[in-house]
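Spelled out, the chains give:
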Amino acid sequence: MSLDKATVRRIATLARIEVPDADLGTVAEQLSGIMGWIEQLKEVNTDNVAPMSGGTDLKLPWRKDEVTDGDKVDQVLANAPDGHDGFFTVPKVVE
Amino acid sequence: MTELTSFTIAQARDRLLRKEFSALELTEAHLASMERNKDFNAFITTTPELARERAKASDERIAAGKAGALEGIPLGIKDLFCTEGVMTTAASHILDAFTPRYESTVSQKLRDAGSVMLGKMNLDEFAMGSSNITSYYGPVKNPWKAKGGSNADLVPGGSSGGSSAAVSGHLVMGATGTDTGGSIRQPAAFTGIVGVKPTYGRCSRWGVVAFASSLDQAGPMTRTVRDAAIMLKVMCGHDAKDSTSSQMAVPDFEAVLGQGVKGLRIGIPKEYRPDGLNAEVDALWNKGIGWLQDAGATIVDISLPHTKYALPTYYIVAPAEASSNLARYDGVRFGLRQDGKSLDDMYAKTRAAGFGAEVKRRILIGTYVLSAGYYDAYYLKAQKVRALIAKDFTDAFKKCDAILTPTAPTAAFAIGEKMDDPVAMYLNDVFTVPASLAGIPGASVPAGLTAEGLPLGLQVLTKSWDEETMFRVCQTLEESAQFPTLGAL
């Protein structure tokens, strides 16, 4: 499986990681190397095999849907790079 | 006071209770060792004042007859565990100055048991690596050096490389690690210490920076098997804040030590002996088999037919989960922010600046295998192969009680080696990843030295929730190996 530059650009956009055009070729080559090595999974017959989706076969527990925590605005915002007046801030998103 | 750093946790525990020395003296001796051995770069953050404060509190509890299970024991906490009021970085630039307002469940349990945190241990960025090379805070040096030949600094393994180096070099008495594909066991093998990854679900993941949630497990790294049993018991237990945390009772792991392996069936998987297996690793494995046989165990040949597919399966599952988990680092709520023209531009610039090359590679792989049109071909396929790998173990454990394998395919390598080809680095975890995918417990015990004098480990695997058998086998190996642990440095 070989990934071209356009594919790398597309997944980098999906992943919200800026990859400079000059690096696209190198990244494509590295990712192609990894994906090529992964291709060997195709040899395995997985007909009628149920996927294993977690690390355990324990049943997930249920609990009441109720508020158990909160009123910690200061603590929640304490590590924000740019928190103001009880809010996180982001660049302007509406014109 | 150097000699105080030579004790094991079990020895120090008993001597503290007999008041042969104080918790503060024990902590001071380790702080001095930490200071002397700064060039290992084992710590990202040191907390000497906090440690002294906690050691004094330990002395008061000891005096009052209220000592906890790890009262006064100096520990290192991998910098992946959130610690209240102490910077937590995951060794990533993107978590710059992040200071949690809460404590992870595991580090809280260790605090409640009276242990004294000396600082936060270096690691591969977001625990992604096998050499500690990917840390934003620089590589960690292995306290061991090869005899003769070059004087090159060696890697301590990874991702829990700061933890392994500090335990091996007597900077701390024990440390927490986390293991997603081998990140406790492989560094333990590289530095000649004991590392235990318990069954998935034994230790709460709450407050541990997530890498791949269906694989991540915390565990202890110590210089002896007994110390690992003592520490693991404190770390385990149900936590309502982690939905995959087990409600099963936590056994007293220390109580099974001394029971030996008489009557146990030890499985030897033929797939772990590929053509070209390092001759010294192969020879040590055979020695280990002999030791267990001499101690009364029966050796059984077993097969784990899907072993060769474990690594490629892991490199779909783990990056997929990582790409989702690491989406939270967006420059809005914590850590680094790089300004951008728009919201998306700010995200993309922040993440480009904040993540290192290996983390970016894994996020991109994960994004790719989860993207429209590829999900079934890669991610779903990997989940199915994972089920077959788990079934291999279930079938094997019908024939044996524990499995013995090498921990890693080689001894520690030099800092800077294996950097050009990501897949070559991934192969370090070839023997540890299958157990991670299956969720079963695994431990590495230091078992011998290469001709160059570097540590090699043997790995013991058991079925889920049977750490007790694992500890019995580990202790027999430890007794037989008489491994020449490094002295206090």
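Residues numbered from 1 in each chain as written. Chains lettered and ligands numbered in written order. Predicted model: local features only at pLDDT ≥ 70, side-chain atom pairs only at ≥ 80, totals over all residues. Heavy atoms only, no water.

J.: Quick question: what am I supposed to make of the pairing of strand S4 (residues 174-179) of chain B here?
T.: The side chains of a regular strand alternate between both faces of the sheet. Residues and elements named next belong to chain B. Across the six residues of S4, six count as buried, placing the element largely inside the fold. The alternating pattern of S4 places Gly 174, Thr 176 and Thr 178 and Ala 175, Gly 177 and Asp 179 on opposite faces, both of which are buried. As defined by bridge partners, strand S2 (residues 74-78) adjoins S4 across two bridges and the pair is classed as parallel. Paired with Leu 75 across the two strands is Gly 174, which belongs to S4. Taken together, the six bridges between S4 and strand S6 (residues 217-222) define a ladder with antiparallel strand orientation. The residue of S6 that forms the bridge with Gly 177 is Gly 219. (Buried < 20%, exposed > 50% of the residue type's maximum accessible area, 1.4 Å probe, protein only. Helix = DSSP H or I, 4+ residues; strand = E, 2+ residues; numbered from the N terminus. Pairing = 2+ DSSP bridges.)

J.: Hey, could you run me through the sheet that holds strand S1 (residues 43-46) of chain B in this one?
T.: Strand pairing in a sheet relies on backbone hydrogen bonds. The paired strands run either parallel or antiparallel. Residue and element names in this part refer to chain B. As summarised here, the arrangement of the eleven strands in space is S1-S3-S2-S4-S6-S5-S10-S11-S9-S7-S8, forming an open sheet in which the pairing is mixed. Of all the strands in the sheet, just S1 and strand S8 (298-302) have a single pairing partner and so form its edges. Geometrically, the sheet is characterised by an average inter-axis angle of 30 degrees between neighbouring strands, direction not taken into account. Of the strand pairs in this sheet, strand S9 (residues 402-406) and strand S11 (residues 455-461) are connected by four bridges, and their pairing is antiparallel. Its bridge partner being in S11, Pro 406 is matched across the sheet by Leu 458. (Axes fitted to C-alpha atoms, helices over the stretch in contact; angles between N-to-C directions.)

J.: Please clarify how the packing of aromatic side chains should be interpreted in this entry.
T.: To describe a pair of aromatic rings, you give the distance between the ring centres and the angle between the ring planes. Residue and element names in this part refer to chain B. Inspection of every chain in the model, using the stated rule, returns 21 aromatic pairs over all chains. Residues Tyr 368 and Tyr 374 carry aromatic rings whose centres are separated by 4.6 Å and whose planes lie at 35 degrees to one another, so their mutual orientation is tilted. Aromatic ring contacts, followed pair by pair, group Phe 98, Phe 126, Tyr 329, Phe 334 and Phe 355 into a single cluster. Here the guanidinium or amino end of Lys 241 rests over the ring plane of Trp 206, the centre of that ring lying 3.8 Å away. In this structure, Arg 273 is placed above the aromatic ring of Trp 285, and the distance from its NZ or CZ to the ring centre is 4.2 Å. (Phe/Tyr/Trp six-rings, centres within 6.5 Å; stacked < 30°, edge-to-face > 60°. Lys NZ or Arg CZ within 6 Å of the ring centre and 35° of its normal.)

J.: Help me understand the packing of helix H11 (residues 357-370) of chain B against helix H12 (residues 375-396) of chain B in this model?
T.: Packed helix pairs are characterised by how far apart their axes lie and by the angle those axes make with each other. Residue and element names in this part refer to chain B. Relative orientation of the contacting elements H11 and H12 amounts to 110 degrees, with a least axis distance of 7 Å. Overall, the two elements H11 and H12 adopt an arrangement that is roughly perpendicular. The residues of H12 that touch H11, namely those facing Tyr 368, Val 369 and Leu 370, are Tyr 375, Tyr 378 and Tyr 379. Of the residues in the contact of H11 with H12, the class split is six nonpolar, no polar and no charged. (Parallel < 35°, antiparallel > 145°, perpendicular 65-115°, else oblique. Contact = heavy atoms within 4.5 Å. Nonpolar A, V, L, I, M, F, W, Y, C, P; charged D, E, K, R; others polar.)

J.: Would you explain the environment of Asp23(A) in this entry?
T.: All names here are of chain A. Checked against the element boundaries, Asp 23 lands in the loop between helix H1 (5-14) and helix H2 (24-38). By relative accessible area, Asp 23 is classed as partly exposed at 35%. Each C-alpha atom, one on Asp 23 and one on Gly 33, is 16 Å from the other, the two residues being ten residues apart in sequence.

J.: Even after reading the chapter, I still don't get the interface of chain B and chain A, so can you show me in this structure?
T.: Interfaces are frequently sized by the accessible area removed from exposure as the parts join. Taken together, the contact between chain B and chain A spans 65 residues of the former and 49 residues of the latter. Where chain B abuts chain A, roughly 4900 Å² becomes buried across the two surfaces, and 70% of that area is made up of carbon and sulfur atoms. The salt bridge partner of Glu43(A) is Lys308(B), with a shortest N-O separation of 3.6 Å. The interface formed by chain B and chain A includes 14 residue pairs in polar contact (both at pLDDT 80 or more). At the level of elements, helix H9 (310-325), helix H10 (343-354), H11, H12, helix H13 (422-426) and helix H14 (433-438) of chain B are the ones that each hand at least two residues to the side of chain B that touches chain A. The dominant element in the side of chain B that touches chain A, judged by the number of residues it contributes, is H12(B), at eleven residues. Residue classes in the side of chain B that touches chain A are distributed as 36 nonpolar, 16 polar and 13 charged. (Buried area = accessible area lost by both parts, 1.4 Å probe. Salt bridge = Lys/Arg side-chain N within 4 Å of Asp/Glu carboxyl O. Polar contact = N/O pair within 3.5 Å; in protein donor to acceptor, adjacent residues only side chain to side chain.)

J.: How should the confidence of the model for chain B be read in this particular structure?
T.: Predicted coordinates in regions of low pLDDT should not be interpreted in detail. Of the residues in chain B, 100% reach a pLDDT of 70 or more, and the chain-wide mean stands at 96. Taken together, the chains of this predicted complex give a pTM of 0.97 and an interface ipTM of 0.96. (pLDDT = per-residue confidence, 0-100.)

J.: Just to check I follow, could you spell out empty space enclosed by the protein for this structure?
T.: Where empty space is left becomes clear once a probe the size of a water molecule has been rolled over the atoms. Residue and element names in this part refer to chain B. Within this structure, the stated rule accounts for four cavities of 30 Å³ or more. In this model, the largest cavity occupies a volume close to 70 Å³. Lining the largest cavity are 15 residues; nearest its centre among them are Ala 127, Gly 129, Ser 183, Tyr 314 and Asp 429. Partitioned by chemical class, the residues of the lining of the largest cavity number five nonpolar, eight polar and two charged. Of the voids in this model, the second largest cavity is the one considered here, and its volume is about 60 Å³. Taken together, Arg 54, Leu 75, Ile 77, Glu 103, Ser 107, Leu 110, Arg 111, Ser 115, Val 116 and Met 117 make up the full set of residues lining the second largest cavity. Contributing elements (two or more residues each) for the lining of the second largest cavity: S2, helix H4 (105-112) and strand S3 (116-121). When residues in the lining of the second largest cavity are grouped by element, the largest group, three residues, is from H4. (1 Å grid on protein atoms, 1.4 Å probe; cavity = no way out; pocket = protein on both sides within 12 Å on 5 of 7 lines; lining within 4 Å. Points joined across faces, edges and corners; volume = space filled by probe spheres on them.)

J.: Looking at this structure, how should I read the pairing of S3(B)?
T.: Summarising burial for S3(B): six of the six residues are buried, a large majority. Viewed along the sheet, the connection from S2(B) through H4(B) into S3(B) turns out right-handed. (Right-handed = clockwise from strand over helix to strand, strands pointing away.)

J.: Help me understand the nonpolar core in this model?
T.: General note: in soluble globular proteins, nonpolar side chains tend to be found buried as a group. All names here are of chain B. Leu 70, Phe 126, Phe 393, Leu 404 and Phe 471 are the most contacted members of the largest nonpolar core, which totals 182 residues. Top contributing element to this core by residue count: H12, with ten residues. Among residues more than four places away in sequence, those in contact with Leu 404 are Ile 266, Gly 267, Ile 268, Pro 269, Trp 285, Gly 288, Ile 289, Leu 292, Leu 458, Gln 459, Val 460 and Leu 477. (Core = buried A, V, L, I, M, F, W, Y, C linked by side-chain atoms within 4.5 Å.)

J.: Is there a simple way to think about a nonpolar patch on the surface in this case?
T.: Residue and element names in this part refer to chain A. Taken together, Val 90, Val 93 and Val 94 make up a surface patch of nonpolar side chains, about 270 Å² in accessible area. You can see Val 94 is positioned in the segment after strand S2 (87-88). A residue is classified by how much of its surface remains accessible, and Val 94, at 60% relative accessible area, is exposed. (Patch = residues over 30% accessible without salt bridge, like charges linked within 9 Å, V, L, I, M, F, W, Y side chains within 5 Å. Areas by Shrake-Rupley, 256 points an atom, 1.4 Å probe, with all protein chains shown as cover.)

J.: Is there a simple way to explain the environment of Val8(A) in this structure?
T.: Residue and element names in this part refer to chain A. Among the secondary structure elements, Val 8 is positioned in helix H1. Owing to a relative accessible area of 0%, Val 8 belongs among the buried residues under this scheme. Spatially, the C-alpha atoms of Val 8 and Val 27 are 7.4 Å apart, while their sequence positions differ by 19 residues. Val 8 has contacts with Leu 3, Leu 24, Val 27, Ala 28 and Leu 31, leaving out every residue within four places of it along the chain.

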